[in-house]
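# Summary of the model geometry
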Amino acid sequence: MSVAKGVAVGMEIGGGQTTVALIDRDGCVRERCVAKTLRSRPAVATLDPYLRAIDTILQHARDQNLEVAGIGVSIPGSVDGPARRPLQVPILPSLNNFPLGDLLENRYHLPIQVHTDVDAAVLGEHRFGAGKTHQRLLFLTVNAVVGASLVIDGQLEYPGRQYVGHVCHVPIASTGPRCSCGKCGCINTLISIEAVKRMVQRALRRGEETTLTQRFLNHETFSHQLLAEEAVRGDSLAQRVYRELARWIVEAITRYLGLFEPNLFILGGGVLYGGDLLLSQIRTLIQDRPKSPLWQMIEVVPACLGSDVALIGSIAPFAFV
Ligand SMILES: [Zn+2]
């Protein structure tokens, strides 16, 4: 008699597309199905392609005699965890307050977990990735907005709402560009992709020479990938932008270190295209800090689950047979 093996279904809702996957107990994606994200539709129409993708993935599980432990969902917004429903989803407002967990449970009769993308990511890194052996993990993801999430002894913690989730206005400096909230030094104005783009724009206005100019003349969109490519080729402006970015990320680490005393700091998001260029700068700046027990115990590492981190992390809460 064959023995059923444990898997779970992960779903990462994204702006361009939504991915549904069959993921095993080691965090490996075994099957994957992608559905287009339809914007400006009512909730039921928005979810329809996702449900069909889940149907397809569950059929794969049945075909392979795999036992499904549950369905985990990663939401790009805020979530009411106990109610398993999205609260605010800026890219898909029709899902705001929609009873997603109840709908999935009634349709599939499986345990359902719904988390924000940042919480899913830190859970994924804790169970399957860089944070497996650490007690106090802080995950900072740097994309269009900055997200932070904290796990202590294997549990998500919400010690201060201002400091976890999408953390646009956490103050990390006393100066810097003015934020939409009216203050200066907010994290989003210093390390988000928009902040980095503005650093480059200011340099271009000053007439600095850079190979980035040719990329913009080619109508390429500004991204961390583009910036990192030019930095690796030796462009001095791109390299300086990474040095400045490293400085602000260390200020963010300083802030979080003082608040929550994490012993592992995981950096994720598009900023990781900066690779060793960025991480070595961050580590050098940390070594230059005055020696204190807090700074001595901190380790800064890149997320190791890559672009699937929230997808894989969405199933991290399930226990497998
Ligand atoms: Zn602000």
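In this text the structure is predicted, and so the values were computed from the model without any measurement.

Procedures and definitions
- Residues numbered from 1 in each chain as written.
- Predicted model: local features only at pLDDT ≥ 70, side-chain atom pairs only at ≥ 80, totals over all residues.
- Heavy atoms only, no water.
- Donors = N, O, S within 2.8 Å, 3.2 Å for Na, K, Ca; no water.
- Tetrahedral: all angles 85-135°; square planar, octahedral: opposite > 155°, others 65-115°.
- Domains from an automatic or database assignment.
- Contact = heavy atoms within 4.5 Å.
- Buried area = accessible area lost by both parts, 1.4 Å probe.
- Salt bridge = Lys/Arg side-chain N within 4 Å of Asp/Glu carboxyl O.
- Polar contact = N/O pair within 3.5 Å; in protein donor to acceptor, adjacent residues only side chain to side chain.
- Buried < 20%, exposed > 50% of the residue type's maximum accessible area, 1.4 Å probe, protein only.
- Helix = DSSP H or I, 4+ residues; strand = E, 2+ residues; numbered from the N terminus.
- Pairing = 2+ DSSP bridges.

## Structural notes on the coordination of the zinc ion
Of the protein atoms, only His 169 (ND1), Cys 179 (SG), Cys 181 (SG) and Cys 186 (SG) coordinate the zinc ion, at distances of 2.1 to 2.3 Å. Here the zinc ion binds four donor atoms, and the angle range of 96 to 126 degrees at the metal identifies the geometry as tetrahedral. Of note, the zinc ion draws all its donor residues from one chain, in the sequence arrangement H-x9-C-x1-C-x4-C.

## A short note on the domain arrangement of the protein
Along its sequence, the protein is carved into domain 1 (5-124 + 309-313) and domain 2 (130-304). Between the C-alpha centres of domain 1 and domain 2 the distance comes to 28 Å. Contact residues are listed per partner, giving nine residues for domain 1 and ten residues for domain 2. Each partner contributes to the roughly 790 Å² buried at the junction of domain 1 and domain 2, and carbon and sulfur atoms together form 75% of this total. Looking only at domain 1, the three residues that lose the most surface to domain 2 are Val 118, Asp 119 and Val 122, adding up to 66% of its buried area. Scanning the region where domain 1 abuts domain 2 turns up zero salt bridges. Where domain 1 packs against domain 2, one counts two residue pairs in polar contact (both at pLDDT 80 or more).

## What to know about the pairing of strand 9 (residues 146-152)
Strand 9 sits mainly inside the fold: seven of its seven residues count as buried. Residues Val 146, Ala 148, Leu 150 and Ile 152 line one face of strand 9 and the alternating positions Gly 147, Ser 149 and Val 151 line the opposite face, and both faces are buried. Here strand 8 (residues 136-142) runs beside strand 9; their pairing, made up of seven bridges, is antiparallel. Within the sheet, the bridge partner assigned to Leu 138 lies in strand 9 and is Leu 150. Between strand 8 and strand 9, which pair antiparallel in sequence order, lie three residues.

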